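What follows is each chain in one-letter form.
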Amino acid sequence: MLHRKLKLRPIIILLVCVVVLLSLLITDLLVSRNVSETIKENQEEKATMITRMVAKSRVVKDGLIDEKEKFKVQTYVEEIREATNVWFIVVMDMDAIRLSHPNEWMIGKRFGGGDESHVLEGKEYISISKGTLGTSLRSFTPVYDDDKQQIGAVVVGISLENVEEAVEASHRILLFGSALGLLAGVIGAAFLAFFIKRTLYGLEPFEIARILEERNTMLHSVREGIVAVDKEARITLVNKSALRLLRKAGLSDEPIGMRISDYMPTSRLDDILKTGESELDEEQTINGVSLLINCVPLIVNGQIAGAIATFRDKTEVNLLAEQLTGVKLYAEALRAQSHEFRNKLHVILGMVKMGYYDKLTCFINQIVSHFHEEIGRVTKNIKDSALSGFILGKLSYAREAGVELAFESKHTLPEPRNAETTHELITILGNLIDNAIDAVGKRSKKRVEVKLNFELGKGKLYLEVADSGKGIQEETFASIFTKGFSTKGQNRGYGLYLVKQSIDKLEGNLTVDSFHEKGTVFYVEIPYEIRGGA
């Protein structure tokens, strides 16, 4: 399309040039007309002043009254004409007979032009007429004697060609100034275009429009909610997903322009603008809706220009985590069982080659008995299939790691009324068991005990995870639940933090006992509502 072919620089230069040119043309027309009128008025005023001066001259008056003095008029008038640089000065009597003229042979003849009648009637005026010398601008002034009686008239003529030349000269000056103005406009337009292009990172208007369209499409198509604020903490952007989640929390559909503290009082974007530090994976609750929020500052040229928050409904995140946890646990269980089964196949193969058939029969019976006992014990005591599968996976994982994992449940644990409780239990047990297995990895006695006790009357579930590790050091005990804190290296320190988050969400309690070189015990108490009631 045509508008896509035109680039920003030529458009700006062309536009500025057109504006400057139109301005200069209009100015030239107005000023030229005004200058022409001013020059004409100046010439008329000049001619009138000369006629008045000559009309009041004693030489002229005496020449009109006394025949003997007439010859002096020509000499006097010619001196004035040469001094004032006018075309002609004519003194005439009441019969319009010339007493002076640039051409002396015209003296004594009647004045030509036909516009002298009014001055002989005592009127002073300006006219344009053609005489013996050509067309001229003429100023007429009557001459009076000492008794105030008119005795003649004075005419001063200025050539129209001179007037037009003066007008043309002023017009040329104006055109020259206009040309300079146009040149300055072109140079200014070029610099303006260069500055704008550099400010826009060299992008053309249609490229900026396309980027804006793409950005808006991307922002509104992502699943995460996005809220952006400027450096004054006023909301500048909210995408569709954010509106959906905020509407779910009962907030307004039109937040643009509002202060973030007024719209979302629990938001941390105000603090982000002050500190310039990001806050990641923080949980916030807005009118009962739990959100998982990431807040980061927007840095432009080393300065904080605003902040942006991305968030998702934690319920959706939990559902996704449940799916991922289930797949991970299933994969871990299969891997552990496959490794364990492969080791047992090696044992069976060795017994077959060595001919120990009686011992082979005993070994296989022992495997089958242990397998059925373990599965039966877990599935009998834990009715939630996801939780029982998780426990079986951890038993296989512990055997693979060479750790004795003892599982005990005094009472049958029914399925919870809320499936999210299972997810939180898996998070709690999974991290506590993994930490316990890790704690006994380098110990001579590698034992981990897991106990579950459900009291139906109290609606409480008690969990106990104990290990035979070295125990928790006293100086680090207060920080074990801090997000990212770990004594085992980078990218660690999230397990116990997640355990604490899940226990708080279930409104439970956590107690820790740790003994130097004897191990650590985690006690967890949580409310547990079963499916279908008591």
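Since the structure is predicted, the reported quantities are computational estimates derived from the model, not experimental observations.

## Examining the sheet that holds strand S12 (residues 460-467)
Part 1 of the reasoning: Within the open sheet, the 5 strands sit side by side as S10-S11-S12-S14-S13. Their pairing is mixed. Either end of the sheet is taken by a strand with one partner, and the two such strands are strand S10 (404-409) and strand S13 (509-515). For this sheet, the mean angle separating the axes of adjacent strands, direction not counted, is 10°.
Part 2 of the reasoning: Looking at chain direction, strand S11 (residues 447-455) and S12 are connected through 8 bridges and run antiparallel. Each bridged residue has a counterpart across the sheet, and for Leu452 the counterpart in S12 is Leu463.
Part 3 of the reasoning: Helix H13 (residues 419-439) contacts S11, S12 and strand S14 (519-527) of the sheet and is inclined by roughly 15° relative to S12.

## As for the packing of helix H3 (residues 58-65) against helix H4 (residues 70-84)
Part 1 of the reasoning: Interaxial distance between H3 and H4 falls to 7 Å at its minimum, and their mutual angle equals 150°. If you check the angle between H3 and H4, you find them roughly antiparallel. The way H3 lies across H4 gives a crossing that is left-handed. Contact residues: Val59, Val60 and Gly63 in H3; Lys70, Lys72, Val73 and Tyr76 in H4.
Part 2 of the reasoning: In the contact of H3 with H4, the residues fall into 4 nonpolar, 1 polar and 2 charged.

## So, the sheet that holds strand S4 (residues 150-159)
Part 1 of the reasoning: Strand order in the open sheet made by the 4 strands is S1-S4-S3-S2, with antiparallel pairing throughout. What marks the edges here is a single partner per strand, and that holds for strand S1 (88-92) and strand S2 (125-130). Within this sheet the neighbouring strands show an average axis-to-axis angle of 25°, counted without direction.
Part 2 of the reasoning: Here S2 runs beside strand S3 (residues 135-144); their pairing, made up of 6 bridges, is antiparallel. Note on S3: the bridge partner recorded for Tyr125 is Phe140.
Part 3 of the reasoning: Running at roughly 125° to S4, H3 makes contact with S1, S3 and S4 of the sheet.

## Concerning a nonpolar patch on the surface
Part 1 of the reasoning: Together, Leu14, Val18, Leu21, Leu22 and Leu25 line one region of the surface with nonpolar side chains, adding up to about 450 Å² of accessible area.
Part 2 of the reasoning: When you line up the elements, Val18 lands in helix H2 (residues 8-55).
Part 3 of the reasoning: The partly exposed category is assigned to Val18, whose relative accessible area is 40%.

Conventions and cut-offs
- Residues numbered from 1 in each chain as written.
- Predicted model: local features only at pLDDT ≥ 70, side-chain atom pairs only at ≥ 80, totals over all residues.
- Heavy atoms only, no water.
- Pairing = 2+ DSSP bridges.
- Helix = DSSP H or I, 4+ residues; strand = E, 2+ residues; numbered from the N terminus.
- Axes fitted to C-alpha atoms, helices over the stretch in contact; angles between N-to-C directions.
- Contact = heavy atoms within 4.5 Å.
- Parallel < 35°, antiparallel > 145°, perpendicular 65-115°, else oblique.
- Left-handed = near helix turned anticlockwise from the far one by under 90°.
- Nonpolar A, V, L, I, M, F, W, Y, C, P; charged D, E, K, R; others polar.
- Patch = residues over 30% accessible without salt bridge, like charges linked within 9 Å, V, L, I, M, F, W, Y side chains within 5 Å.
- Areas by Shrake-Rupley, 256 points an atom, 1.4 Å probe, with all protein chains shown as cover.
- Salt bridge = Lys/Arg side-chain N within 4 Å of Asp/Glu carboxyl O.
- Buried < 20%, exposed > 50% of the residue type's maximum accessible area, 1.4 Å probe, protein only.

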